[in-house]
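An overview of the molecular structure
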Amino acid sequence: MNVADSPEEWAVVDSQDHFRGYVIGVRTDTVRMPRDEVAKRDYVVHPGSVAVLALDDDERVLLIRQYRHPARHLLWELPAGLRDVEGEPLVATAARELAEEAGYKADTWHTLVDLYTSPGMSDERIRVFLARNLSETEIDFERRHEELDMPVEWIPLADAVEKALMGMIHNSPAVAGILAAYAASVEGFALLRPADAPEA
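Throughout this document, residue positions are counted from 1 along each chain, in the order its sequence is written. Per-residue local features of the predicted model are confined to residues with pLDDT of at least 70, and side-chain atom pairs are confined, for both listing and counting, to 80 or more; whole-chain, interface and lining totals are unaffected and use all residues. With hydrogens and water set aside, each side-chain value is computed from the structure's full complement of heavy atoms.

**A look at the overall build of the chain**
- Looking only at helices and strands, one finds three helices and 11 strands in the chain.
- Numbering of helices and strands starts at the N terminus; helices are DSSP runs of H or I of at least 4 residues and strands are runs of E of at least 2. Of the regular secondary structure in the chain, the N- to C-terminal order runs β-β-β-β-β-β-β-α-β-β-β-α-α-β.
- Against the compact-globule benchmark of 16 Å for 200 residues, the chain has a radius of gyration of 18 Å, which places it among compact chains.
- Principal-axis analysis of the C-alpha atoms gives the chain an extent of 55 × 45 × 35 Å.
- Partly exposed residues are those whose accessible area sits between 20% and 50% of the maximum for their type, while under 20% is buried and over 50% is exposed, using a 1.4 Å probe and protein chains only. Every one of the 200 residues in the chain was classed for burial, and the buried ones make up 38%. What the globule rule says is 2.2 Å times the number of residues to the power 0.38, and the radius of gyration is computed from C-alpha atoms.

**Let's talk about the pattern of salt bridges**
- We count a salt bridge whenever a side-chain nitrogen from Lys or Arg sits within 4 Å of a carboxyl oxygen from Asp or Glu. As enumerated under the stated definition, the model contains 11 salt bridges in all.
- One salt bridge in this structure joins R193 and D114, with 2.9 Å as the shortest N-O distance. Placement of the pair is R193 in strand β11 (residues 193–194) and D114 in strand β8 (residues 104–116), with a sequence separation of 79 residues.
- Owing to a relative accessible area of 31%, R193 belongs among the partly exposed residues under this scheme.
- Taken together, the shared-partner salt bridges in this structure form one network comprising D84, E88, R96 and E97.

**A look at helix α2 (residues 157–165)**
- For α2, the full list of buried residues reads L157, A160, V161 and A164. Down the axis of α2, the smallest arc covering the buried residues is 105°, so these residues share one side.
- Looking at the buried residues of α2, the elements they touch are β5 (60–68), β10 (152–156) and α3 (172–185). Here the arc refers to the set of directions running from the helix axis out to each C-beta atom. In this description, contact between two residues means that some pair of their heavy atoms is separated by no more than 4.5 Å.

**Notes on the packing of aromatic side chains**
- When two rings of Phe, Tyr or Trp (its six-membered ring) have centres within 6.5 Å they constitute a pair, described as stacked for plane angles under 30 degrees, edge-to-face for angles over 60, and tilted for the intermediate range. In this structure the tally under the stated criterion is two aromatic pairs.
- Ring centres 6.1 Å apart and planes at 80° place the aromatic pair W109 and F129 in the edge-to-face group. Of this pair, W109 sits in strand β8 while F129 sits in strand β9 (residues 125–136), and the two are 20 residues apart along the sequence.

**What about the side chain of R127?**
- Structurally, R127 can be placed in strand β9.
- Only 3.4 Å separates the side chain of R127 from the side chain of T111, close enough to count as a polar contact.
- Each polar contact in these results corresponds to two N or O atoms within 3.5 Å; when the atoms are within protein, one needs to be able to donate a hydrogen and the other to accept it, and residues that are neighboring in sequence are counted only if both atoms are side-chain atoms. Only 2.6 Å separates the side chain of R127 from the side chain of D114, close enough to count as a polar contact.

**Here we look at the pairing of strand β3 (residues 38–45)**
- Pairs of strands are assigned from DSSP output, requiring at least two bridges between the strands. One ladder, built from eight bridges, connects strand β2 (residues 25–32) with β3; its direction is antiparallel. When the bridges of β3 are listed, R32 appears paired with V38.
- What sits between β2 and β3 in their antiparallel hairpin is a turn of five residues, with R35 showing a positive phi close to 65°.

**Here we look at the sheet that holds strand β6 (residues 73–77)**
- Taking strand neighbours across the sheet as the criterion, the three strands line up as β6-β5-β10 in an open arrangement whose pairing is antiparallel. With partners counted over all chains shown, the strands left at the sheet margins are β6 and β10, one partner each. Here the strands of the sheet are splayed against their neighbours by 35° on average, with no regard to which way each runs.
- Bridge count between β5 and β6: five bridges; the pairing is antiparallel. Note that in β6 the partner of Q66 across the bridge is L75.
- Strands in contact with α2 are β5 and β10; relative to β10, the strand with the most contacts, it is inclined by about 95°. Axis definition: a line fitted to C-alpha atoms, limited for helices to the stretch in contact. Angles are taken between N-to-C directions and run from 0 to 180 degrees.

**What to know about the side chain of E124**
- Positionally, E124 belongs in the loop between β8 and β9.
- Only four residue types enter the charge count: Lys and Arg as positive, Asp and Glu as negative, with His and the chain ends excluded. One buried charged residue, E124, remains without a salt bridge, the closest side chain of opposite sign being R83 at 7.8 Å.
- Side chain to side chain, E124 and T117 meet in a polar contact 3.2 Å long.
- Sequence-distant contacts of E124, that is, excluding residues within four places in its chain, are made with H46, G48, S49, L115, Y116 and T117.

Coordinates in, geometry out; function isn't part of it.
Shown next as C-alpha cells:
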C-alpha cells in the first residue's frame, strides 16, 4: 500500500458559519458519509501558518518563548506566523516572520515538514521551513501584546530533540520541526524538498 496522504472531499450538503473573529472562524458542515448517511462536523476555519526552524553553523536551533493564552503556558516555539498576505509565497512569509520575531535572515531555505495542527477540529495547515546560513538583521516591526517580551535562545539540535521527547517542549510545529530537522540531518539535509515545493 502506498502510504501517502491524498486530497479527498466528501459532499457537504449544508454549511453554517457560527463565528468569525479576527483570525479564526467556527463552522458546522453537514457531510455525506458512506451508506448515504449524513453527519455534522464542527471545526475551526483558519488561514494557515508557517514556521521556521533556523539552524546555525553550530547545529543550534533558534527558539523563542511566547505566552499562549488558550494553553495557559509560556511555550518555547519556532518563529511563526499567519498566512495573512494574499498571494505571498510561503517562504517569503516565513522569511518575514524570522526577521520580525527573531531578527535574523537566511540565505538557504528548504521545506522541512508540512502538517495539520489538529485535523479533527481545524483546517489549519502549517509549513515548517528549514532556514540556514543565517545572519542578523534589523527588526523593523513593532512588537505588541504577547510579542513584547519574547526572548530568543539558541539550543543544540540534539538537546532540542531530548527536550521535545522529555515533554519540555509542547508547541506542535516546534516538536515536528525539531524532530524532522534531526532526522533530515542524518542525510545532510539532501532529501529535503525545495522551499517552493507545492503543498499536497
